[in-house]
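# Coordinates in review
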Amino acid sequence: MPRTELTRTYEPNAVEARWYPWWEEQGCFHIQPDSGKPAFTINMPPPNITGQLHMGHGLQDTVQDTYIRYKRMKGFDAHWQAGKDHAGIATQNVVEKMLRGEGLTRHDLGREAFLERAWEWRNKYGDIITEQKRKLGDSADWRQEVFTMDPGPSRAVREVFVHLYEKGLVYQGDYIINWCPRCHSAISNEEVNYEDRAGHLWHIAYPVLDASGAPTGEKIVVATTRPETMLGDTAIAIHPESERTAHLKGKRVQLPLVGRVIPVIEDDFVDREFGTGCVKITPAHDPNDFEAGVRHNLERILVIDGTGKMNVNAPAKYQGMDRYECRKAVLADLEAEGLLVKIDDHQHSVGQCSRCDTIIEPWLSKQWFVKVKPLVGPALAAVADGRITFHPAHWANVYNRWLENLRDWCISRQLWWGHRIPVFYCEDCGAMMVTREDPTVCDTCGSTDIRQDEDVLDTWFSSWLWPFTTLGWPDVDAQKFKHYFPTDLMVTGYDIIFLWVSRMVMASLEFTGEVPFRDVFITGIVKDEQGRKMSKSLGNGIDPLDMVKSYGADAVRYSMTILNTEGQDIKLSEQKFELGRNFANKVWQAFRFLHMQDWSVLGTDFDVSQPRPIELADEWILSRLHSTIKAVDQHFDRYRPNESLQAIHEFIWSEFCDWYVELIKPRLYDKEDEGRRRDALANALHVFTRAMQLLHPFMPFLTEEIWSHIREGLGELGAKQPWGDALMMHDYPELSDALVSEEVEARFRLVQGITVALRNIRAEQQVSPKQPIKVVLQGPSEKLGVLEPVKHYVSQLALAESFELGGERPRPAAANVVDGVDVLVALAGLIDLDAERARLQKEQQRLSGFITGIEKKLGNESFVSRAPEEVVAKEREKLDAAKLDLERIQHNLSELG
């Protein structure tokens, strides 16, 4: 037939370049809120506008797009809400770096001009990652894409801030926050990366004073990893019930290098067993010390400024020094005064800014906070009562523990790029106004001299509203909001349960009264082959776009899905993408085989949607198809897409290609009986097209390409085309229980088992696959009766020139047992019996010696007691395997006589 000739191997780059634009042109991704279809919604975690596609996106986008395509084919109005995050710190850093290249700072430009440059950058570069997502096949309705600083989300952010303020849940206060001296901004706890580092523990002596203020000669020794902060100490703490420090109660000490007199306080947060049982208290530079300071009304002395340098509250000698330069100077001075008692090596956790890797400074600052405790209870209840379900379920425990221990959230950032805090101050009377609209006059005195708070809100303050602000909230009557909210599924990594998932639940319950999503699918983290996190510094990252170019998007999607098991981390190497490429080529070759057949035998009345089961093989493949459909749906429902894909893989590769296609070849090649050819080809095309529909959500490009060729062939034939133009818009295959037959599958399993047994005997006896064999089957009459009508299948697949059911046992014979049936192959005339005896005897001697050696080793008490447990276990495994091999050799020798 003049159908388009297929390439010998699948060429993904050409296929993908053709189909994605066509899908968009045809409006295949468009949502239909007025269609009457039930909604299914996923919110795409908004990537940063500064971001580039990485393998984490590759994994999570694949999972999300697979579910969207699956639900779309299941008849849902499937909406994958796309968007991007303004990424306050990251974007400001990028723009400031660009300005430094021009010899400028943001302060040279001023706020308004800087923001203009930031918007220019966003408009020029902010959509790069969206284009990269298209390369993966992401089927979002990009017309609906939302940016966190669009007017709608910006209005929502302001509404939420004012609402929380009016409810008393937003407040301003002094508190210890994570401060990045490089970004000059507060950083949330979740944006701090902790790394174990080798450091030191410095032990410093503080002179004890008597009532008159004179030194008593006694010294209190405290240990610290940050000696520069001692310049801001305001107390020494001891445990109130510690006997060894009881004599220090009520005492005062002199702060070395500063001379300030500070009290000894009692607080039960002190570990009485650690070190000397005494702890220095620096309320302005440590969160635990801050809390202790609140309890004891201690002074808060900030000695480090926002750039990481010592400020005017430090002694003059140290002012202006970088914090680490000051550390060296302080230690030198302590040693000179004889107050540096000792130095211990110390491994401790160091926090770094996730954006620039600068070491974080715990820093006392006036910031805006959200009081989270009133929001936590409803969020915990939503999981406890089943309105939200985690997959895998154990991640709910992580979510619960996090919320139960959550501290108030610092939401202000000292940046210019972001949602500016809607707080206004009157320059005349000092009044503060928190408003939904910008005020023009002071509510208190009527002055027009008003300024807005300089800070912007934490980027996550807009992201925690994402599930509903993207759909039109606070306009609760918006069509999108009413149709698509609450959303159905959130897909994300476990590392973001704290940052985002828990906050979205709190926000959604507070502002909409609904959960934001019903199911949370937690994926693992993509790591390198050694289990290390991928990073630029290690140079161990894998660019998903490079993998798409080398292997194809479908291969990337296949490999990422099949490797994503139960939320476990994925250890990834480039070679893993060969799994997907190999499967894509297997599917392509299977279709090429069908494509090369003479389709004219099908006739113009051919309906590819209808099966034509004629033989057991047809009934079996249809039963297996519908058993697979059932399994795929069940795995999707249980949020195990990897198992859905594994079931499809097994069906296509093994059951369809390796068994069914081989069985129908005699019918396809039967030139004498056109009816046999027609029925075999019709069934094969029916099953294969259904398999392509099953596979489409996972490998959309390959399957759409194949379907286009099927449509072309059906069109030339003039046959019925029931499924329309785009495969992705077709219905997903529906389960037909009537076509599932356990009896048929059991009969065919027996055929398969006997065929495999005969192939194994060939391999064991080193008989060529092309050399005919004589087979005898012995067993229960009911089993042999089942085999009688289908023994030609075994003869065909195993190349048996004679096939007897219940005949006499040949001598000598190679034997196997399958489900109670003895499978016997006559060896006389098939192999050189003398040569085979000699080979087996030689192998028998080798195995006997090998077994003796291992038994001797395991009988050596010294080896067993000293060798690692896994080494001993491995030796025992070798022994057991060798004994089984020896038993098989001896059996075969017995058969040969």
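Residues numbered from 1 in each chain as written. Predicted model: local features only at pLDDT ≥ 70, side-chain atom pairs only at ≥ 80, totals over all residues. Heavy atoms only, no water.

### A look at the sheet that holds strand E16 (residues 409–410)
Strand order in this open sheet of 4 strands is E6-E5-E14-E16, and the pairing throughout is antiparallel. Single-partner strands in this sheet number two, and they are strand E6 (185–187) and E16. Bridge analysis of strand E5 (residues 170–180) against strand E14 (residues 361–370) gives 10 bridges, and the strand direction is antiparallel. Each residue of the ladder has a partner; that of Gln 172, found in E14, is Trp 368. (Pairing = 2+ DSSP bridges. Helix = DSSP H or I, 4+ residues; strand = E, 2+ residues; numbered from the N terminus.)

### Things to note about the packing of helix H26 (residues 833–858) against helix H28 (residues 869–896)
The description of two packed helices rests on the angle between their axes and on the distance between the axes. Axis separation between H26 and H28 bottoms out at 9 Å; the angle between their running directions is 155°. The angle between H26 and H28 falls in the class roughly antiparallel. H28 is crossed by H26, and the crossing has left-handed handedness. Residues of the contact of H26 with H28, tallied by class, amount to 14 nonpolar, 5 polar and 10 charged. (Axes fitted to C-alpha atoms, helices over the stretch in contact; angles between N-to-C directions. Parallel < 35°, antiparallel > 145°, perpendicular 65-115°, else oblique. Left-handed = near helix turned anticlockwise from the far one by under 90°. Nonpolar A, V, L, I, M, F, W, Y, C, P; charged D, E, K, R; others polar.)

### Some thoughts on the state of the cysteines
Note on terminology: a disulfide is the covalent bond linking the sulfur atoms of two cysteines. Summed over the entire model, instances satisfying the criterion amount to 0 disulfides. Looking at the unpaired Cys 410, the closest cysteine sulfur is the one in Cys 180, lying at 14 Å. Sulfur of Cys 426: no disulfide; nearest cysteine sulfur belongs to Cys 445 and is 3.5 Å away. The exposure class assigned to Cys 426 is buried, which follows from its relative accessible area of 3%. (Disulfide = S-S within 2.5 Å. Buried < 20%, exposed > 50% of the residue type's maximum accessible area, 1.4 Å probe, protein only.)

### Thoughts on helix H8 (residues 287–296)
Restricting attention to buried positions, one finds in H8 the residues Asp 289, Phe 290, Ala 292 and Gly 293. Looking straight down H8, one finds its buried side chains confined to an arc of 165°; they lie on one side. For H8, the elements touching its buried residues are E5, strand E12 (278–281) and E14. Backbone nitrogen of Asn 288 and a side-chain oxygen of the N-cap are separated by 2.9 Å at the start of H8; the cap is Asp 286. (Arc of directions from axis to C-beta. Contact = heavy atoms within 4.5 Å. Polar contact = N/O pair within 3.5 Å; in protein donor to acceptor, adjacent residues only side chain to side chain.)

### Looking at helix H16 (residues 544–551)
Inspection of H16 places Pro 544, Met 547, Val 548 and Tyr 551 among the buried residues, and these make up the whole buried set. Mapping the buried residues of H16 onto a view down its axis gives an arc of 105°, with all of them on the same face. Elements in contact with the buried residues of H16: helix H1 (12–25), helix H2 (55–73), helix H6 (128–136), helix H17 (553–563) and helix H18 (577–595). Two or three places before Leu 545, at the opening of H16, Asp 543 has a side-chain oxygen 2.8 Å from that residue's backbone nitrogen. One or two steps after H16, the chain reaches Gly 552, where phi turns positive at roughly 100°.

### Some points on the environment of Gly 418
Topologically, Gly 418 is positioned in the loop between strand E17 (412–413) and strand E18 (423–426). Here Gly 418 falls in the buried class, since its relative accessible area comes to 12%. Sequence separation between Gly 418 and Thr 91 is 327 residues; the distance between their C-alpha atoms is 9.4 Å. Apart from the residues within four sequence positions on either side, Gly 418 is in contact with His 86, Met 149 and Val 456.

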